[in-house]
Amino acid sequence: MAQSLTGWTQDEAVGHPLESVFTSVSEEGHLPLESPAVRALRAGVVSEGHSLLVAKDGTERVVEDSAAPIRNAAGEVGGVVLVFRDVTQRRQRERAAHAVLAYAEGIIATLREPFVVLDQSFVVQTANDAFYRTFHVSRTETEKRSFFELDNGQWGHPRLRKVLDEMLADHNAVEDFEVEHAFPTIGQRVVLLNARSIPAQENGPVLILLAIEDVTDRRRAETSRRLEDSAWRKSEVQYRRLFESARDGILILDETTGRIIDANPFMSELLGYDHSHFLGKELWEIGLFHDITANQAAFRELQANGYIRYEHLPLETRDKKRVDVEFVSNCYEADGRRVLQCNIRDCSDRFRLEQAVKASLEEKEVLLKEVHHRVKNNLQVISSLLHLQSEHTQDEASIRIFRKTQDRVRSMALVHERLYRSHDIAQVDFTDYIESLAHHLFKSQQTDTDRIKLAVDVQGVRLPIDAAVPVGLLLNELISNCLKHAFVGHESGHIRIDLRPFNGGEFLLSVSDDGVGLPAAIVPQSATTFGMELIADLVDQLHGRLQVSRDGGTTFRILFPKRKASSVQREDHP
């Protein structure tokens, strides 16, 4: 065990100073510590403590150490027994527990309603100030005690125990569990309990967040209103409950003047002003519109259409902080009069997230374009190297191989060039690509464009890079074969290239010429020449099917399935 902790074998350790083998430093600051053995020998009594034990290879472990002096028959200290216990994992669990608890405490400290944090045994770990204020209890009376035993067992309802046990077992939540109780300190109250569990993280404990909402006044008001026979009052109660508890700001406007006649509590919470601050003002006076002119225009639109909506309006709080809101207003009839209601939702977090996502996407697009640019440049370097190498050989066959390879590299480089020049970095527009590739091949093979005519028909096809590269290489091989072999002995000829969607789920690539025709002995799928083998391999890479026709020249038809990215047709918006 000592060897696993220190990294020293018994033979290696013999003869070395004790501090060299058992190197101890403090957990905080890594300061050298006196060996527990030295402490025990000096004091003559058992010495205990904890420290970081540094092994021979530098590995650090949290240990509990103890050293006991050994005495001879005369009572003199003649040696020491030194014991180390590895408690690294226990310390990690303790730190994880403290981290989780601190995180929970940070959340609940900001809340206005009473909150309690329990462990999975329902022992109180902490509570927020609102809990202590509401129930007039202290921390020492509360923390590290069973929740069900607090204040003479006032929370010990069997049904509450049951639902909390079920919540832990089923990993669900407790919502609006009502408790009515005569509390010793605050009297008869009705409270709603809402609970959720926080799963263990990195060996940390399972915690339960328990929110307690005092709804006594609300329940009393509801009871009082239920005693009244008026249906209008019942509907008013429901409306006011929604109005008061809504987590959106709500403003009620005078239908004639457009001035605010009521505002719900969340408006005060959102902007930091008292309820009276809003009353009698127009919307532009609380910052919803730039000026009175814009306010009046919006008010006229609301009166005319009965509805207006703004996805993004900036507001300023009392302490000059910006709040981004979504604004919706509509008109409706209530109790024989017209009411204008404005709903204001705080969307600051959503707007910040949208901006962050947009910035991240723009950054990634720039990086991806740079990747395509560099790949294209690297492929051009390869092409230049092939060209330089071909100039150092006199063998015509080798020179032809170098040039063919250059053309193949060029077809791949052209894909990346089109991607980094396009504002759509995911797909290649093949209309322009085929024209550019064919122009390069005509020039590379010194073909007279007056003698050999090219026709290209591409019907809005865009391919992702994993399809664009093999299709580009196929076009390179097929066009090169046409230029080299199809028109031997002919004064003129035509090459036609078609690429279009086919049967909904496929693309059709067709390369045809009106030349001498492919010899009947050549079957592309079983040919042994490099060019034909490459064509067959590229068709397989596309999961496609190859058809060859020899009527009036040669036609290669390749059908291949659309990839996911290929089937998404981009729409340009103004």
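Above this text you will find the structure in question.
So, a few notes on the structure that sits alongside this text. Each chain carries its own residue numbering, running from 1 in the written order of its sequence. For a predicted model such as this one, the threshold for reporting local features is a pLDDT of at least 70, and the threshold for listing and counting side-chain atom pairs is 80 or more; totals across whole chains, interfaces and linings nevertheless cover every residue. Excluded from the side-chain calculation are hydrogens and water; included are all heavy atoms of the structure.

Time to look at the nonpolar core. Only buried residues count toward a nonpolar core, which is a set of Ala, Val, Leu, Ile, Met, Phe, Trp, Tyr and Cys residues joined through side-chain atoms within 4.5 Å. Only protein chains enter the calculation, and the probe is 1.4 Å; a residue is then buried if its accessible area is under 20% of its type maximum, exposed if over 50%, and partly exposed in between. F430, L463, L475, L499 and F560 are the most contacted members of the largest nonpolar core, which has 42 residues in total. Contributions of two or more residues to this core are made by α17 (430–444), β16 (452–458), α18 (465–486), β18 (493–502), β19 (506–513), α19 (530–541) and β21 (554–561). In terms of residue count, α18 provides more of this core than any other element does, 12 residues in total. Any pair of residues with heavy atoms lying within 4.5 Å of one another is described as a contacting pair. For L499, the residues in contact, after removing those within four places along its chain, are F430, I434, D457, V458, Q459, V461, F507, L508, L509 and F560. The next biggest cluster of nonpolar side chains, apart from the first, holds 28 residues, and it includes V137, F148, V191 and L210. By the criteria applied, helices consist of DSSP H or I runs no shorter than four residues and strands consist of E runs no shorter than two, each listed in order from the N terminus.

A separate point is the pattern of salt bridges. Salt bridges, as used here, are contacts in which a Lys or Arg side-chain nitrogen is within 4 Å of a carboxyl oxygen on Asp or Glu. Scanning the model with the defined rule gives 21 salt bridges in all. Put simply, R309 and E311 hold a salt bridge, and the shortest N to O gap is 3.0 Å. Assessed through its relative accessible area of 41%, R309 is described here as partly exposed. Measuring nitrogen to oxygen at the nearest pair gives 3.9 Å for the salt bridge that ties R350 to E326. Here the residue R350 occupies a position in helix α15 (residues 348–390), and E326 occupies one in strand β13 (residues 322–334), the gap between them amounting to 24 residues. Counted as one network, the salt bridges with shared partners bring together R309, E311, E326 and R350.

Moving on: the sheet that holds strand β6 (residues 124–127). Strand pairing is defined by DSSP finding a minimum of two bridges between the two strands. An order of β6-β5-β9-β8-β7 is seen for the five strands of this open sheet, with the pairing classed as antiparallel. Only two strands of the sheet have a single neighbouring strand rather than two, namely β6 and β7 (173–183). Geometrically, the sheet is characterised by an average inter-axis angle of 25 degrees between neighbouring strands, direction not taken into account. Here strand β8 (residues 187–198) pairs with strand β9 (residues 207–214) via eight bridges, running antiparallel. The partner of I198 across the bridge, within β9, is L207. Along the sheet, helix α10 (residues 216–226) makes contact with β7, β8 and β9, crossing β8 at roughly 120 degrees. Each axis is a line fitted through C-alpha atoms, and for a helix only the stretch in contact is used; angles between axes span 0 to 180 degrees, taken between their N-to-C directions.

Moving on to the packing of aromatic side chains. Classification of ring pairs rests on two measures: the distance between centres of Phe, Tyr or Trp rings, Trp counted by its six-membered ring, which must be within 6.5 Å, and the angle between planes, read as stacked under 30 degrees, edge-to-face over 60 and tilted in between. Tallied over the entire structure, the rule returns nine aromatic pairs. Ring geometry for F135 and W155: centres 5.6 Å apart, planes at 80 degrees, overall edge-to-face. Taken as a pair, F135 in helix α6 (residues 129–135) and W155 in the loop between α8 (150–153) and α9 (158–170) lie far apart in primary sequence, 20 residues in all. Since its relative accessible area comes to 0%, W155 is described here as buried. For the ring pair F507 and F560, a centre distance of 5.7 Å and an interplane angle of 40 degrees mean the geometry is tilted. Note that F507 is positioned in strand β19 and F560 in strand β21, a separation of 53 residues in sequence. Three or more aromatic residues joined by ring pairs form one cluster here, namely F122, F131, Y132, F135, F147, F148 and W155.

So, about the sheet that holds β16. Pairing within the open sheet is mixed, and its five strands lie in the order β16-β18-β19-β21-β20. If you trace the sheet from one side to the other, it starts and ends with β16 and β20 (545–549), each paired once. Taken pair by pair, the neighbouring strands of this sheet meet at an average axis angle of 10 degrees, ignoring direction. Strands β16 and β18 of the sheet are contacted by α17, whose axis makes an angle of about 165 degrees with β16.

Within the secondary structure layout, E282 lies in the loop between α13 (275–278) and α14 (292–305). In sequence terms E282 and G258 are 24 residues apart; their C-alpha atoms lie 6.2 Å from each other. The residues touching E282, leaving out its near neighbours within four places in the chain, are G258, R259 and N295. Polar contacts, as counted here, are pairs of nitrogen or oxygen atoms within 3.5 Å of one another; within protein the pair requires one atom able to donate a hydrogen and one able to accept it, and residues that are adjacent in sequence qualify only if both atoms are side-chain atoms. Side chain to side chain, E282 and R259 meet in a polar contact 3.5 Å long.

Relative to the elements of secondary structure, P32 occurs in the loop between β1 (23–25) and α4 (36–43). Take P32: its relative accessible area is 70%, and that puts it in the exposed class. Those residues in contact with P32 that lie beyond four places of it in its chain are S24 and V25.

Let's shift gears to the side chain of N264. Mapped onto the fold, N264 is located in the loop between β11 (260–263) and α12 (265–271). Judged by relative accessible area, which is 1%, N264 ranks as buried. Leave out the neighbours within four places in its chain, and N264 touches F243, A246, D248, G249 and I250.

A few words now on the packing of α18 against α19. α19 packs onto α18 with a crossing angle of 150 degrees between their chain directions and a minimal axis gap of 9 Å. Regarding the angle of α18 to α19, the classification is roughly antiparallel. As for how α18 packs across α19, the hand of that crossing is left-handed. Contacts between α18 and α19 involve P470, L473, L474, E477, L478 and N481 from the first element and G531, M532, L534, I535, L538, V539 and Q541 from the second. Each residue receives one of three labels: charged for Asp, Glu, Lys and Arg, nonpolar for Ala, Val, Leu, Ile, Met, Phe, Trp, Tyr, Cys and Pro, and polar for the others, Gly being one of them. Across the contact of α18 with α19, the residue classes break down as nine nonpolar, three polar and one charged. Orientation is classified from the angle alone, with under 35 degrees giving roughly parallel, over 145 giving roughly antiparallel, 65 to 115 giving roughly perpendicular, and any other angle giving oblique. Here a crossing is called left-handed whenever its near helix is offset anticlockwise from the far helix by less than a right angle, and right-handed whenever the offset is clockwise.

Since one α-helical turn is 3.6 residues long, residues separated by three or four positions face the same way. Taking 1.5 Å of rise per residue, the 22 residues of α18 would be expected to cover 32 Å, and the 30 Å separating its terminal C-alpha atoms lies within 8% of that figure. For α18, a buried count of 17 out of 22 residues is recorded, marking the element as mostly surrounded by other parts of the structure. Residue count minus one, scaled by 1.5 Å, sets the expected span of a helix.

Glancing now at the packing of α17 against α18. At a closest axis distance of 10 Å, the pairing of α17 and α18 adopts a crossing angle of 40 degrees. Classified by the interaxial angle, the pair formed by α17 and α18 is oblique. In terms of crossing hand, the pair formed by α17 and α18 is right-handed. Within the contact between the two elements, α17 uses F430, Y433, I434, L437, A438, L441 and F442 and α18 uses A468, V471, G472, L475, N476, I479, S480 and L483. The residue inventory of the contact of α17 with α18, partitioned by class, reads 12 nonpolar, three polar and no charged.

Any link to function would need more than the numbers given here.
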